[in-house]
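Notes for the structure review
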Amino acid sequence: MQTYRYVLFFLLVSCLTFSCTASDNYGKAVQQVPVQRVERMPNDPEPYKIINWKQKAIDFDTYVYDFNPDIPAGPMIWLDNSQRNVPQITFGLYTAVHDCRQGPDHNHGEFHESLNSLASILGAGLIGIDKTHQNGYNYVKMIQNYFNSGTGWNIMMNNTSPEVAKLGGGYGRDWWYDVWPNVLYYAICDVFPNVEKSGDIQRSIANQFYKADSTLNGNYNYSYFDYGKMKGMVNQIPFEQDAAGGHGYVLYAAYEKFKDKRYLKHAESAIAALNAQKESRFYEILLPMGVYTAARLNAEQGTSYDIGKMLGWVFDGCKNPNGRNGWGVIVGKWGPYDVSGLQGSTIDGGGYAFLMNSMKLAWPLVPMVKYQPQYARAIGKWMLNNVNAARLFFPNEISDNNQWLPELKNYTHSIVAYEGLRYEDCYHKPALKGVHPVALGDGPNWNPNNPKETMFSIYSTSPVGIFGAIVDTTDVKRILKLNCNATDFYADRKFPVYLFFNPYHETKKITYHPAGRSDLFDILSKKYLAKNITRPTRICLPVNQACIVVELPAGTRIEHKRNQLIADGTIIAYK
């Protein structure tokens, strides 16, 4: 009898610790809502390989911020002593390898882009590299030269002066080029807080954006906005209505930082303008930032924006010929490679995907599932495809027969990627006729004097730390561990939160490595997956479904309040 009781006790403890289910009642399971374009993507993309994205990000930072690297392509960084906007030395990075317009000996060393520099700093910070103290430089302070006070716009901009802006890095005036540096800067300031004068710059940006949203008053039908004159402008660029998403993102971040209700009011106003649009006007990245912001506002402020509609706009893309027609998320197999999940043009030459856009899309959409968990399966499945295909931009990760410069594949030791991946070659190289896909870049088209190696793109690779911080593997092939907190800026990140998607048609067990003595709670099933664990533990993932695992200190009590689940004062699941 004693032996029987011991066995019974052991089985009971095992069920509590390793169970796929639990008896506690914390509400109904979250029903998953499909995103139709994601449903067309495979559960088993081939050929399958997940590279070590964190190491790739470390290698990128080590190379690009080395003034004397031992790599054939040579240095990609220089100092700029023009002291525009701020009386300090700043730095420049090549947009593409050896762009003839850039470097210390061209255009007074002033032509460099914040979209590149800021993304590289953010990516490095996300994987733990301190860019405020690196080899004697405070790079986070140095990027303040992009704060354009001389123009009267008083926001971060892509260049340090209008004269330099005319050399490239935008199409005249292009709204996303003007908004995106401010999104990047706000994120950097969350990763690297309390850098001298950063708070003042953030205040100025927020004030300019709420004034702009007040002026626009729900009408974002412009090519760009003059933040000096506070006036919407029209030029040859298609209207970029999704700038409302960028305004909303920055203003909500500003509200969380400064607690100024003007910023909340206009964050909601900007996202309402985005939500009210009749169709997708997606281009680059601002619409997805708006989707994330809408999801947070719904969860935290009680708004009711249509997340499903806007996610459809992102994945299906813009279909209006007066907009960026065809811009969306790619679905398909090009030659032997599954390329589903990548972002870019779905129609240009059969499809043209971009590394920068594909990585940056993970920034808003992975943390979004904390606030709108009904899309967890869709985002998990999309990321499985996206992360697998994104490696193909790197010269050593795609066949020599499918890239434009195989003879230069070791030029940057494959640290710097090709800008794009096209369904077919657009430069008419005989050896690439009929080859699908082809890794290449736009650099040679920017200037007739640009060398062929400008196909290798610094600015496209610079956000690699986003994947480095979000993406990890498990001990089961095709099941990724996605960090939902990594890019959830200006938010409560008290407890680790991870998204897992099981693409198999059977239950799978993965090994979870806790940070300490922990309980693992799935906010989708509303059940514990394990309790009181201290060492690597097997947990169950349901068939062709997702889990969002919150890692709580063992014994933490979960309470119901206002249709929310709260653990130690922190909301872990919204109604």
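Each remark here, short or long, concerns the structure printed above.
Quick caveat, the model's predicted, so the values are computed rather than measured.

Summing up its helical and strand segments, the protein has 18 helices and 24 strands in all. In terms of overall size, the protein behaves like a compact globule, its C-alpha atoms giving a radius of gyration of 24 Å where 575 residues would be expected to give roughly 25 Å. Projected onto its principal axes, the C-alpha positions of the protein cover 85 × 55 × 50 Å. For the protein, with 575 residues in total, the buried portion stands at 63%. Residue pairs in contact within the protein that sit at least 24 positions apart in sequence constitute 68% of those at least 6 positions apart. Accessible surface computed for the protein: about 21,800 Å², of which carbon and sulfur atoms make up 49%. Between the mean site of the 57 positive side-chain charges and the mean site of the 52 negative ones, the protein shows a separation of 7 Å.

Looking at the element boundaries, S204 is found in helix 8 (residues 198-216). Among all residues touching S204, those that are not within four sequence positions of it are F147 and N154.

Before going further, it helps to spend a moment on the layout of surface pockets. Counted as a void, the second largest pocket has a volume near 390 Å³. Lining the second largest pocket we find 22 residues, and of these V30, K526, N563, Y574 and K575 sit closest to its centre. When contributions to the lining of the second largest pocket are tallied by element, the ones reaching two or more residues are helix 11 (286-301) and strand 23 (564-567). Within the lining of the second largest pocket, the residues separate by chemical class into nine nonpolar, ten polar and three charged.

Taking 1.5 Å of rise per residue, 13 residues should cover 18 Å, and helix 4 (residues 114-126) covers 18 Å from first to last C-alpha, within 8% of that figure. In terms of burial, helix 4 is a largely internal element, 13 of the 13 residues being buried. Just past helix 4, the residue G128 takes up positive phi, approximately 100°.

Let us now look at the packing of aromatic side chains. Per the counting criterion, the structure on display carries 38 aromatic pairs. Geometrically, the ring pair formed by W180 and W363 is tilted, given 5.2 Å between the ring centres and 55° between the ring planes. Linking W180 in helix 7 (residues 175-191) with W363 in helix 14 (residues 362-371), this pair joins segments that are 183 residues apart in sequence. Given a relative accessible area of 1%, W363 falls into the buried group. Joined through ring pairs, the aromatic side chains of W180, Y249, Y292, W363, Y371, F489 and Y574 make up one cluster. Its end group placed over the ring of F258, K257 keeps NZ or CZ at 5.4 Å from the ring centre.

What follows covers the side chain of T160. Here T160 shows up in the loop between helix 5 (139-142) and helix 6 (162-165). For T160, a relative accessible area of 3% gives the class buried.

Here we come to the nonpolar core. By size, the foremost hydrophobic cluster in this structure holds 188 residues, and its most contacted members are W53, W363, M368, W382 and M383. The element contributing the most residues to this core is helix 7, with twelve residues. Every residue in contact with M383, bar those within four places of it in the chain, is listed here: A362, V366, N388, F467, I470, V471, L480 and L482.

This next bit is on the environment of L311. Relative to the assigned elements, L311 resides in helix 12 (residues 307-316). Overall, the relative accessible area of 0% leaves L311 in the buried class. Setting aside residues up to four positions removed in sequence, L311 forms contacts with V35, V291, L365, M368 and Y375.

Read from one edge of the open sheet, six strands run 14-15-16-21-18-19, paired in antiparallel fashion. If you trace the sheet from one side to the other, it starts and ends with strand 14 (471-473) and strand 19 (527-533), each paired once. Strand-to-strand twist in this sheet, taken as the mean axis angle between neighbours without regard to direction, amounts to 25°. Against the sheet, helix 15 (residues 376-390) contacts strand 14, strand 15 (480-483), strand 16 (497-501) and strand 21 (546-553), and its axis sits at roughly 75° relative to strand 16.

Packing of helix 8 against helix 9 (residues 243-258) brings their axes to within 9 Å, and their N-to-C directions diverge by 130°. In terms of orientation, helix 8 and helix 9 fall into the oblique class. Of the two possible hands of crossing, helix 8 and helix 9 adopt the one that is left-handed. In this structure, helix 8 contributes G199, Q202, R203, I205, A206, F209, Y210, A212 and L216 to the contact, and helix 9 contributes G246, H247, V250, L251, A254, K257 and F258.

Looking at where G341 falls in the secondary structure, it is placed in the loop between strand 7 (337-338) and strand 8 (343-345). Accessibility expressed as a relative area gives 0% for G341, which makes it buried. The spatial distance from the C-alpha of G341 to the C-alpha of L384 is 8.1 Å, given a sequence separation of 43 residues. Not counting residues up to four positions away in its chain, the partners in contact with G341 are M41, V329, I330, W382, N385 and N386.

Taken in spatial order, the three strands line up as 22-23-24 in an open sheet, and their pairing is antiparallel. Edge positions in the open sheet fall to strand 22 (558-561) and strand 24 (570-573), since each of these has one partner strand only. Taken pair by pair, the neighbouring strands of this sheet meet at an average axis angle of 45°, ignoring direction. Across three bridges, the pairing between strand 23 and strand 24 is antiparallel. Along strand 24, the bridge assignment pairs L565 with A573.

Parameters and conventions
- Residues numbered from 1 in each chain as written.
- Predicted model: local features only at pLDDT ≥ 70, side-chain atom pairs only at ≥ 80, totals over all residues.
- Heavy atoms only, no water.
- Helix = DSSP H or I, 4+ residues; strand = E, 2+ residues; numbered from the N terminus.
- Rg over C-alpha atoms; globule rule 2.2 N^0.38 Å.
- Buried < 20%, exposed > 50% of the residue type's maximum accessible area, 1.4 Å probe, protein only.
- Contact = heavy atoms within 4.5 Å.
- Areas by Shrake-Rupley, 256 points an atom, 1.4 Å probe, with all protein chains shown as cover.
- Lys, Arg positive; Asp, Glu negative; His and termini not counted.
- Charge placed at Lys NZ, Arg CZ, Asp CG, Glu CD.
- 1 Å grid on protein atoms, 1.4 Å probe; cavity = no way out; pocket = protein on both sides within 12 Å on 5 of 7 lines; lining within 4 Å.
- Points joined across faces, edges and corners; volume = space filled by probe spheres on them.
- Nonpolar A, V, L, I, M, F, W, Y, C, P; charged D, E, K, R; others polar.
- Expected span 1.5 Å × (residues − 1).
- Phe/Tyr/Trp six-rings, centres within 6.5 Å; stacked < 30°, edge-to-face > 60°.
- Lys NZ or Arg CZ within 6 Å of the ring centre and 35° of its normal.
- Core = buried A, V, L, I, M, F, W, Y, C linked by side-chain atoms within 4.5 Å.
- Pairing = 2+ DSSP bridges.
- Axes fitted to C-alpha atoms, helices over the stretch in contact; angles between N-to-C directions.
- Parallel < 35°, antiparallel > 145°, perpendicular 65-115°, else oblique.
- Left-handed = near helix turned anticlockwise from the far one by under 90°.

Scope: geometric values only; no functional claims are made or implied.
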